[in-house]
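Structure at a glance
Okay, here's what each chain looks like letter by letter:
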Amino acid sequence: MTSLLNQLNPSIKAFTVILLVCLLTFVFDPFTPLVYCLFTILLTFVCGKIAWKRYMLYFLIIILLSVGMLWTTLAFADEPNRPHDTMEILFWDIPKEDVTVALALTLRMLAFASLSFMFIFTTNMVHFILSLMQQCKLSPKLAYGVLAGYRFLPLMKDELNQIRAAHQIRGVRRANGIKESIQQYKRYAIPLLAGAIRKAERTAVAMESKGFSGERQRTFYRTFTVKWQDWTFLVGMLLLFFIIIMISIKLGYFSWYKGQF
Amino acid sequence: MINVSNLSLWFHEDNDKPIISNLSFQLDRGETMLLLGPSGSGKSTLTHCLNGIYPRELDGKMTGDVTIFGQSIHDAHPGTISKQVGVVFQDPESQFCMLTVEDEIAFGLENICTPPLEISRKIDEVLQMVDLIDDKHSVISSLSGGQKQKLALACVLALEPEILILDEPTANLDPQATQEFIKTIQTIKQKKSMGIIVIEHQLEGWVSFIDRSFILSKDGKCMYDGPLARIISDNKESVLEEGICLPKITKLVLTAAEQNKAAYISPPLTIKDTPSLVTYMDNSFLEKTIPAAHQADIILSASRVTQNKKQKRVLHQIDFDLYESSFVAIIGANGSGKTSLTKVLSGIEAPTHGDILLRQHPIRNWKEKLLRKEIGYVFQNPEHQFITDTVFDEIAYSLRLHPYSESYIEEKVHYTLVNCQLQGFEHRHPYSLSQGQKRRLSVATMIVDEQKILFLDEPTFGQDAASTLKLMQMLKERHAKGTSIIMVTHDMDIVDKYADRVLVLENGEIIRDQSPDQLWKDSDLRRWHLDYPTRIQLQQHLEVNQHDFAIKST
Amino acid sequence: MNNWKLKEIIVMSVLSVVFGIVYLAFLPIGKILVSFMGPIGYDFIFGIWFIVSIIAAYIIRKPGAAFLSETIAATVEMLLGNAMGPIIIITGIIQGLGAEAAFALTKWKRYSLWVLMLAGVGAAIFSFVWGYFRSGYAALSTPYILGMLCIRMISGAIISGLLGKAISDSLAKTGVLSSFALGKQIRKERSAS
């Protein structure tokens, strides 16, 4: 196991993932996404240093979700073109065409997930944003503004727990019904947001007093560069995609997304 | 270095009342100045002017000028000012934008275009200076409040400013972290000759190395500029009137003098100086006046209470009986379980093991509505407790949960408003009140229903002298009417002055449960990171040095 | 980005963080609705997923607020573990563009309730077109698809437009927005009356 994936340039990695997700959207057969998904998972396992337990857990959730999606697509499917060509799953006659469509959708989702996880589990978010600034000329004002906001995430959780307890002691009843729930959400939201906005303003002042002006002219303590490995990764992932499509066409599985009705 | 001339500032163009008005002063190299003033007198606004945030970010208007090394802030580039003036702010949670310690320090250096190699050298240097080098790669959110403030200081020092502004840097820290922070500043001041401006409410520790004081009045005008001791001896009434905190020892001596129980050459600012400056003090003034708690009926009792969170022990084998109309203080180092104990006792959190009985019935069997009529709880951040849009509704809220008539509610609310000195604010939004008023409002919402037990989590934190006094008076009145008060606090003088019983917590266990007077006689409070109240410190100091100016009156 | 103040950017990103969490929290609720009534279940509460663009735009009132906030919220959602991963960012971008389009129509000058509701509808339409391709609504029957679109538009107008305005207004009442466009407008109205 290596940490090759972790060392790639975050911007190129993100670009690769997004590009492939877009390409996969145009494919509408079960075979291509399935094979691509399996390859991506394999690649993540071999070339990535990641938190396996969490990876598995996340994937499990995704698989459960996709089973749900499979069911809804089958149940609410459009009238098939060839209704008599059916197959039997668990004593239930379903048009074969619907099954293919449902499987294609579901497996496509799994392929998306495998690509996403490959990115999320091997990338440090601060590094990603720093790289976006250095490679993609993202405005430092926006980049550091977002980082500052992102820091609030763990604070929010504590804050929400405290607000909940503080409201309980005021005798705020647990909500019954939709109207009360909405009111309750609002009651939590206002102190939470008000506190956060005030903190945000203070953070802005603190950042500015450290000499941050949002100008592009600055040095970087951590520098990110694009190396040949990064381009190899991008090209390799694309090649893999086209090879799988070739095989898929050869085997007669392949189908474009044609806006099926 | 800094030259402020005729500076006035308005937050809104059309407003006739300025936030600060007509301020002029100079700060020279290596000088340390204390900036004093009640909450809302414009201290923070002034710092914003000194570090170049204003006028750039100001929506109102500004007249007069501030020059830093001869350059006006009106035409300075933001980067240049930050190299000259560094600020450490009050809130440890909202000064950072990166996730780790080294990245945060690097951020400031990147802003002024320091070359990367130089950055890593400077990071090590400043971390060494503030004694955080072991945490170089730590995530900021895992640091304690005191460490965060040291990091904020390190970030500023990395830019090598000539002037350091400390905007209430220890207001959110416990006494131990505060002392450590002040010590760090003192060492740095010895190494580098920086100009320092300190804004603080608690003056202990700072006064020993302050050269002069600049005092702002409520309306943002300059009230005094000179040595602190002089204004106290010349015109102490005006200082106290403005609600400015004096060092506790100063206050003690002044109060004694008012009652003709002390005399001094000049008011002392530290305990160390007291023996040489005070000529006479009646010993009786250093004696306790509050009687210890008497045994009465038990209203709340905990037996063998244990609480674990994430397999970590928070509270362990707590046995505690609360008597009717007692005033209990809970003290202990940070993380010793003080807040958890109050939350468990008040039924907000459930214990893992053990029982809590409220009027002989298990607290978990009480209906929420009835329980809240018995027990009130004032959280550390009062804003968290507000749920309506006006002060009036806020107080009326818990009354409206009962079938009371609207006229009764109105009468009750007005009575409480007067009680909490909030009359005239009925229609304001709770969030728009001052810190002290917010705190009193949150107490008001908790006593309006005549709750018999009131818990408070560090109610005097970060408030000026006037607000603290008002709040404590209010609690004292409540207590006199038979409410039991249980208060978590770091302020030993408050414990000494108001509590009749004190619990010391360590690692989730009650290790002392006695009257404050008995506790002070205990061999060494410092091993639990606690201080003695001022009068005891003075007594101890006198005993060690065998001064004899304290004479028992006949 | 140059005419934005740093505090506006941070406030926007904080709002996005908060609503990123809210978005994630509403996913299971959507799932429950879907299991009762099929894919159309999502559309009833779809407006919740545009709400940050309306709130951010209404508070800050600068071009790009709706678009950026929705994009950041989607990114946060991804980081917290939305199963869809980076694709959710694209979804966010498209929804943000939909809301931004409505504000662009008024040249970022008007922020009345109607404009806010229109922004909600805009986000709904954009997100629907995207969903059509990505989630393969094509496999569903035509009347069903039209029903989904209508419900989503109504949800966008009411949940994100109406509720978003209500939340921002009560936030403004606390006074914390006094140095932002919404707070300033309220001040102006008050001193005028």
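This is a predicted model, so every value here is computed, not measured. (Residues numbered from 1 in each chain as written. Chains lettered and ligands numbered in written order. Predicted model: local features only at pLDDT ≥ 70, side-chain atom pairs only at ≥ 80, totals over all residues. Heavy atoms only, no water.)

In terms of helices and strands, chain A carries nine helices and two strands. Along chain A, helices and strands appear, N-terminal first, in the series α-α-α-α-β-β-α-α-α-α-α. When the 261 residues of chain A are sorted by exposure, 54% land in the buried category. Just so you have it, chain A exposes about 12,900 Å², and 66% of that area is on carbon and sulfur atoms. (Helix = DSSP H or I, 4+ residues; strand = E, 2+ residues; numbered from the N terminus. Buried < 20%, exposed > 50% of the residue type's maximum accessible area, 1.4 Å probe, protein only. Areas by Shrake-Rupley, 256 points an atom, 1.4 Å probe, with all protein chains shown as cover.)

Moving on, we come to the pairing of strand E14 (residues 312-323) of chain B. Of the strand pairs in this sheet, strand E13 (residues 298-309) of chain B and E14(B) are connected by eight bridges, and their pairing is antiparallel. Bridged to B:Val305 within E14(B) is B:Ile318. (Pairing = 2+ DSSP bridges.)

Right, let's talk about the interface of chain C and chain A for a bit. Tallying the contact residues gives 53 residues for chain C and 54 residues for chain A. Taking both partners together, chain C and chain A bury about 4,600 Å²; carbon and sulfur atoms supply 79% of that area. The tally of links between chain C and chain A comes to one salt bridge. C:Lys7 is paired through a salt bridge with A:Glu201; the nearest N and O atoms lie 4.0 Å apart. (Contact = heavy atoms within 4.5 Å. Buried area = accessible area lost by both parts, 1.4 Å probe. Salt bridge = Lys/Arg side-chain N within 4 Å of Asp/Glu carboxyl O.)

Once that is clear, we can look at the packing of helix H14 (residues 435-447) of chain B against helix H15 (residues 465-480) of chain B. Residue and element names in this part refer to chain B. Two elements in contact, H14 and H15, have axes separated by 9 Å at closest approach and are oriented at 15 degrees. As summarised for this structure, H14 and H15 are arranged roughly parallel, according to the angle between their axes. The chirality of how H14 crosses H15 is right-handed. Of the residues in H15, those touching H14 at Gly436, Arg439, Arg440, Val443, Ala444 and Ile447 are Ser467, Lys470, Leu471, Met474, Leu475 and Arg478. A breakdown of the residues in the contact of H14 with H15 according to their chemical character gives six nonpolar, two polar and four charged. (Axes fitted to C-alpha atoms, helices over the stretch in contact; angles between N-to-C directions. Parallel < 35°, antiparallel > 145°, perpendicular 65-115°, else oblique. Left-handed = near helix turned anticlockwise from the far one by under 90°. Nonpolar A, V, L, I, M, F, W, Y, C, P; charged D, E, K, R; others polar.)

Residue and element names in this part refer to chain A. A cluster of nonpolar residues, Val235, Leu239, Ile243, Met246, Ile247, Leu251 and Tyr253, forms a patch on the protein surface that exposes about 700 Å² of accessible area. Relative to the elements of secondary structure, valine 235 occurs in helix H9 (residues 228-251). Residue class for valine 235 comes out partly exposed when judged on its relative accessible area of 46%. (Patch = residues over 30% accessible without salt bridge, like charges linked within 9 Å, V, L, I, M, F, W, Y side chains within 5 Å.)

End to end, helix H4 (residues 65-79) of chain C covers 21 Å across 15 residues, agreeing with the expected 21 Å (1.5 Å per residue, within 8%). Taken across its 15 residues, H4(C) has 13 buried, putting it largely inside the fold. (Expected span 1.5 Å × (residues − 1).)

Once that is clear, we can look at the packing of aromatic side chains. Residue and element names in this part refer to chain A. A full pass over the atoms with the stated rule returns 29 aromatic pairs over all chains. Consider the rings of tyrosine 58 and phenylalanine 117, whose centres lie 5.8 Å apart with planes at 70 degrees: the pair is edge-to-face. Of this pair, tyrosine 58 sits in helix H4 (residues 52-75) while phenylalanine 117 sits in helix H5 (residues 96-120), and the two are 59 residues apart along the sequence. Each of the two residues, tyrosine 58 as well as phenylalanine 117, counts as buried. An angle of 70 degrees between the planes, with centres 5.4 Å apart, marks the rings of phenylalanine 241 and phenylalanine 242 as edge-to-face. A residue is classified by how much of its surface remains accessible, and phenylalanine 242, at 44% relative accessible area, is partly exposed. (Phe/Tyr/Trp six-rings, centres within 6.5 Å; stacked < 30°, edge-to-face > 60°.)

With that settled, the discussion passes to empty space enclosed by the protein. Residue and element names in this part refer to chain A. Summed over all chains, the structure comprises four cavities of 30 Å³ or more. The calculated volume of the largest cavity comes to roughly 60 Å³. Elements with a minimum of two residues in the lining of the largest cavity: helix H7 (140-169) and helix H8 (177-209). Split by residue class, the lining of the largest cavity holds five nonpolar, one polar and two charged. (1 Å grid on protein atoms, 1.4 Å probe; cavity = no way out; pocket = protein on both sides within 12 Å on 5 of 7 lines; lining within 4 Å. Points joined across faces, edges and corners; volume = space filled by probe spheres on them.)

Moving on to the interface of chain A and chain B. Tallying the contact residues gives 42 residues for chain A and 60 residues for chain B. Taking both sides of the interface into account, the surface hidden between chain A and chain B amounts to around 4,700 Å²; carbon and sulfur atoms contribute 57%. Among the residues chain A hides against chain B, the three largest losses belong to A:Arg170, A:Lys210 and A:Tyr221. Together they make up 21% of the total. Across the contact surface, chain A and chain B share eight salt bridges.

Another aspect to go through is the confidence of the model for chain C. When pLDDT is averaged along chain C, the result is 89, and 96% of the positions lie at 70 or above. The complex model carries a pTM of 0.89, and its ipTM stands at 0.88. (pLDDT = per-residue confidence, 0-100.)

Following the sequence through the fold, A:His167 ends up in helix H7. A relative accessible area of 1% places A:His167 in the buried class. Apart from residues lying up to four places away in sequence, A:His167 is in contact with A:Val172, A:Arg187, A:Tyr188, A:Pro191, B:His384, B:Gln385, B:Phe386 and B:Ile387.

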